[in-house]
Amino acid sequence: MSQTSDFSLRPATVLDADRCWQILQQGKAQMFREGKKQWTTTYPSRQSVESDLERSAAYVLERRDEVVAYGAVIFDGEPAYAQIEDRWLTHGDYVVIHRLAVADEAKRQGVAREYFNQVMHLAAQRGVHSIKVDTNYDNFYMQHLLQGLGFTYCGDVIYPQGSRLAYEKVF
């Protein structure tokens, strides 16, 4: 477990599955309200949470024992990242964050920033000093967050559903 101030990052358990799914649904609803195209009615799904749990990739951020954010933290790579249109900063080990969502009651409180900082701390403890992420062209919140955290835009990655902006930070 990684901890800073009132926050702690930990692997999610099956007991967290409902809360993780609730937070993802809140994130999806916000994207739909704002007309963003990153997530769809079928993705992410409840199965996404279950798969993340099975792969030990599901992580929650707690504040004072309340789960306020959910994401997939992946240390074994992202196959789509091999298809970047430009280039990454590094070519060694990296951590990926997918499906990051913040609970509605915790939005605009620095929770997503804290999630990233805690994942970087966890990665450094494992000897990994690169974090790679992608986001949709219309996800301005994530783009702003990544730029504020010192990420570098590295090009586009191609998924079956379309291109995504790819970012990396070396720490």
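Residues numbered from 1 in each chain as written. Predicted model: local features only at pLDDT ≥ 70, side-chain atom pairs only at ≥ 80, totals over all residues. Heavy atoms only, no water.

The next point concerns the environment of Lys28. Of note, Lys28 is situated in helix H1 (residues 17-33). Lys28 sits 142 residues away from Val170 along the chain, and the two C-alpha atoms are 29 Å apart. With residues up to four places along the chain from it excluded, the contact list for Lys28 reads Trp21, Trp39, Thr40, Thr41, Thr42, Tyr43 and Pro44. A polar contact is formed between the side chain of Lys28 and the backbone oxygen of Thr40, at a distance of 3.3 Å. (Helix = DSSP H or I, 4+ residues; strand = E, 2+ residues; numbered from the N terminus. Contact = heavy atoms within 4.5 Å. Polar contact = N/O pair within 3.5 Å; in protein donor to acceptor, adjacent residues only side chain to side chain.)

One pass over the structure, following the stated rule, counts ten salt bridges. Here Arg99 and Asp52 are joined by a salt bridge, their closest N and O atoms 2.5 Å apart. Highlighted residues: Arg99 in strand S6 (residues 95-102) and Asp52 in helix H2 (residues 46-54), separated in sequence by 47 residues. Summarising the burial analysis for this pair, Arg99 and Asp52 share the class buried. (Salt bridge = Lys/Arg side-chain N within 4 Å of Asp/Glu carboxyl O. Buried < 20%, exposed > 50% of the residue type's maximum accessible area, 1.4 Å probe, protein only.)

Moving on to helix H3 (residues 111-125). The end-to-end C-alpha distance of H3 is 21 Å, a good match for the 21 Å that 15 residues give at a rise of 1.5 Å each. Regarding H3, the residues found buried are Val111, Glu114, Tyr115, Phe116, Gln118, Val119, Met120, Leu122 and Ala123. Two residues or fewer past H3, Gly127 is found with a positive phi of approximately 80°. (Expected span 1.5 Å × (residues − 1).)

Taken as a whole, the largest pocket holds about 1,200 Å³ of empty space. Contributing to the lining of the largest pocket are 44 residues, with Met31, Leu100, Ala101, Asn139 and Met142 lying nearest its centre. When residues of the lining of the largest pocket are traced back to their parent elements, those giving at least two are H1, H2, S6, H3, strand S7 (130-135) and helix H4 (140-148). Sort the elements by how many residues they give to the lining of the largest pocket and S6 lands first, with six residues. (1 Å grid on protein atoms, 1.4 Å probe; cavity = no way out; pocket = protein on both sides within 12 Å on 5 of 7 lines; lining within 4 Å. Points joined across faces, edges and corners; volume = space filled by probe spheres on them.)

Following Tyr43, the chain continues to Pro44 via a peptide bond in cis, the omega torsion being -10°. Relative to the elements of secondary structure, Pro44 occurs in the loop between H1 and H2. The residue Ser56 is not glycine, and still its phi comes out positive at about 60°. By the secondary structure assignment, Ser56 is in the loop between H2 and strand S3 (58-63). For Ser56, a relative accessible area of 56% translates into the label exposed. Even without glycine at this site, Arg64 takes up a positive phi of about 50°. For Arg64, a relative accessible area of 59% puts it in the exposed group.

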